[in-house]
Amino acid sequence: MTTGVRGWGRLLTLLLALAAAGGAVYCATGRLADMGGGSDRPRIVVIIKESKSMEFWQVFESGAEAAAKEFEADIAVIGPGKETDVDAQIAMAEKAAAERPDAIVLAAADYNRLAPAAETIGKLGIPLIMADSAVNSDRPKSFIATDNVAAGEKVGRLMAEQLSATGGKVAVMSFVQGSASQIDRERGVRNALEKAPGVEVVGTFYSDGIERKAYETTLELLKEHPDLKGIVGLNEASSVGPGKALRDAGAAGRVKLVGFDSSVEEVKLLEEGVMQGTIVQRPFNMGYLGVKTAVQAIRGEKVPKTIDTGSVIITKANMYEDENQKLLFPFVGE
């Protein structure tokens, strides 16, 4: 192990101090309290993008916990209170690096702005594993995520199918500008829609990962573009917000909605026919493989440079198939 017990204790103290300072940092405090012992278990910091509301990150954390249990590692899962708080995530990465855990798993909130922190982590010889979103650096030993360009193309083609008879205007509801996953998904969506006859993309709008902002932006879009035919949401908040807005405005079905992720709210929107389809990722696998790969890297084992965790389109027509039910409800039956 490269980190002594005292060093790990200082890291935990710093993280808790950040949390107390402004509520900007989330720590799984129950687990942190159990991590001060003097074991030789690998100590891994997992830094996610957002921690308070999105089911995606809750499932991701569950996967990380499952791997920690299986591979006998101690983990601390931390993240900003808001997905847009890139400064907080940078501070967390820098402080984690300074205390030298055995490895760091990072979902970068910004492709370029987290690059200096990634360089620092790499120079200190700490294995860095990226999960969900990449960073503009060659330092990471592995990148575990959905192929976001391919997933974007899938959801773009689904929207094109929905509008094959009419064409029309489509808006893209994205989340945090500058994150690699956002950039790649939008590229995929636009690649597909550019090939769709009669479809016009009226613009990309940013929810900042906040459902309420996506809701209000959608209501404004309906006023500015009364002939709007479709909305593509690029993450959970950016799909649920438009769904609720379309329902409240009486535009459900008239304006098609396709999105990303599979929260309880999204499943409900699918069942109601407000949403025509969603791309389901595998956040549990991302969290699990992030920690598993970190342990392998700590042991000096060769790890894959990239791991595609895959994605599947779920619609109202196929959502009750057994395999898709397992994706929508990964914890049922455990």
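Residues numbered from 1 in each chain as written. Predicted model: local features only at pLDDT ≥ 70, side-chain atom pairs only at ≥ 80, totals over all residues. Heavy atoms only, no water.

> What am I meant to see in the overall build of the protein here?
Helix and strand content of the protein: 12 helices and 13 strands. Accessible area of the protein: about 13700 Å², with a carbon and sulfur share of 49%. (Helix = DSSP H or I, 4+ residues; strand = E, 2+ residues; numbered from the N terminus. Areas by Shrake-Rupley, 256 points an atom, 1.4 Å probe, with all protein chains shown as cover.)

> Would you mind showing me how to read the packing of helix α9 (residues 236-248) against helix α10 (residues 264-272) here?
When two helices pack together, their arrangement is given by the angle between the helix axes and by the axis-to-axis distance. At a closest axis distance of 10 Å, the pairing of α9 and α10 adopts a crossing angle of 40°. Overall, the two elements α9 and α10 adopt an arrangement that is oblique. Along this stretch, α9 crosses α10, giving a crossing that reads as left-handed. Here Glu236, Ser239, Val240, Gly243, Lys244 and Arg247 of α9 come into contact with α10, specifically with Glu265, Glu266, Leu269 and Glu272. Taken together, the residues of the contact of α9 with α10 sort by class into 2 nonpolar, 2 polar and 6 charged. (Axes fitted to C-alpha atoms, helices over the stretch in contact; angles between N-to-C directions. Parallel < 35°, antiparallel > 145°, perpendicular 65-115°, else oblique. Left-handed = near helix turned anticlockwise from the far one by under 90°. Contact = heavy atoms within 4.5 Å. Nonpolar A, V, L, I, M, F, W, Y, C, P; charged D, E, K, R; others polar.)

> Just to check I follow, could you spell out the nonpolar core for this structure?
Grouped burial of nonpolar side chains is what soluble globular proteins tend to show. Counting 27 residues, the largest nonpolar core has Ile44, Val46, Trp57, Phe60, Ile75, Val105 and Val291 as its most contacted members. Elements represented by at least two residues in this core include exactly β2 (43-47), α3 (55-70), β3 (74-80), β4 (103-106), β5 (128-131) and α11 (283-298). Those residues in contact with Val105, other than ones at most four positions away along the chain, are Ile44, Val45, Val46, Ile47, Ile129, Ala131, Gly290, Val291 and Ala294. Val86, Met92, Ala96 and Ile126 belong to the second-largest nonpolar core, a separate cluster that totals 22 residues. (Core = buried A, V, L, I, M, F, W, Y, C linked by side-chain atoms within 4.5 Å. Buried < 20%, exposed > 50% of the residue type's maximum accessible area, 1.4 Å probe, protein only.)

> Would you explain the packing of α3 against α11 in this entry?
Close contact between α3 and α11 brings their axes to 6 Å; oriented N to C, the two are set at 35°. Considering how the two elements wind past one another, α3 and α11 form a crossing that is right-handed. Contact residues: α3 offers Phe56, Val59, Phe60, Ser62, Gly63, Ala64, Ala66, Ala67, Ala68 and Glu70, while α11 offers Pro283, Phe284, Met286, Gly287, Tyr288, Val291 and Lys292. Its residues assigned to classes, the contact of α3 with α11 shows 12 nonpolar, 3 polar and 2 charged.

> So what exactly am I meant to see when it comes to the pairing of strand β7 (residues 168-174) here?
As a general feature of sheets, a regular strand has side chains that alternate between the two faces. Of all 7 residues in β7, 6 are buried; the element is thus mostly enclosed. A crossover links β7 with its parallel partner strand β8 (residues 199-206), the connecting element being helix α7 (residues 180-194), and its sense is right-handed. The pairing of β7 with strand β9 (residues 228-233) spans 5 bridges and is classified as parallel. Across the sheet, residue Met173 finds its bridge partner in β9, namely Gly233. (Right-handed = clockwise from strand over helix to strand, strands pointing away. Pairing = 2+ DSSP bridges.)

> What exactly am I supposed to notice about α10 here?
Think of an α-helix as turning once every 3.6 residues; residues three or four places apart then point the same way. Listing the buried residues of α10 in full gives Glu266, Val267, Leu269 and Leu270. Viewed along the axis of α10, the buried residues span an arc of 160°, placing them on a single side of the element. For α10, the secondary structure elements touched by its buried residues are α9, β10 (256-260), β11 (277-280), β13 (312-314) and α12 (322-328). Just downstream of α10, Gly273 is the residue with a positive phi angle, here 80°. (Arc of directions from axis to C-beta.)

> Please clarify how the pattern of salt bridges should be interpreted in this entry.
Where charged atoms from two side chains of opposite charge approach closely, those side chains can pair. On inspection of all chains with the given rule, the structure shows 12 salt bridges. We note a salt bridge from Asp208 to Lys213, for which the minimum N-O separation is 2.8 Å. Among the ionic contacts, a cluster of salt bridges with common partners joins Glu211, Lys244 and Glu265. (Salt bridge = Lys/Arg side-chain N within 4 Å of Asp/Glu carboxyl O.)

> Help me understand the packing of aromatic side chains in this model?
Two numbers describe a pair of aromatic rings. These are the distance of the centres and the angle of the planes. All told, the structure shown has 3 aromatic pairs when counted by the stated rule. Centroid distance Phe56 to Trp57: 4.9 Å. Interplanar angle 80°. Geometry classified as edge-to-face. Comparing Phe56 with Trp57, the two get one shared label, buried. By way of ring pairs, the aromatic residues Phe56, Trp57 and Phe60 are connected into one cluster. Note that Arg185 overlies the ring of Phe260, its terminal NZ or CZ placed 4.5 Å from the centroid. (Phe/Tyr/Trp six-rings, centres within 6.5 Å; stacked < 30°, edge-to-face > 60°. Lys NZ or Arg CZ within 6 Å of the ring centre and 35° of its normal.)

> Help me understand the side chain of Gln281 in this model?
If you trace the backbone, Gln281 turns up in the loop between β11 and α11. For Gln281, a relative accessible area of 5% translates into the label buried. Among the polar contacts made by the side chain of Gln281, one reaches the side chain of Thr146 at a distance of 2.8 Å. Engagement of the side chain of Gln281 in a polar contact is seen with the side chain of Asp261, the distance being 2.7 Å. (Polar contact = N/O pair within 3.5 Å; in protein donor to acceptor, adjacent residues only side chain to side chain.)

> Would you take a moment to explain the sheet that holds β8 for this structure?
Note: strands within a sheet are paired through backbone hydrogen bonds, in either parallel or antiparallel orientation. Across the sheet, 6 strands lie side by side as β8-β7-β9-β10-β11-β13; this open sheet has mixed pairing. Only two strands of the sheet have a single partner each, and these edge strands are β8 and β13. Averaged over all pairs of adjacent strands, the angle between strand axes in this sheet comes to 20°, irrespective of strand direction. Pairing of β11 with β13 involves 3 bridges; the strand directions are antiparallel. Across the sheet, Ile279 pairs through a bridge with Ile313, a residue of β13. This element, helix α8 (residues 211-224), spans β7, β8 and β9 of the sheet and lies at about 160° to β7. Seen against the sheet, α9 touches β7, β9 and β10 and runs at an angle of roughly 155° to β10.

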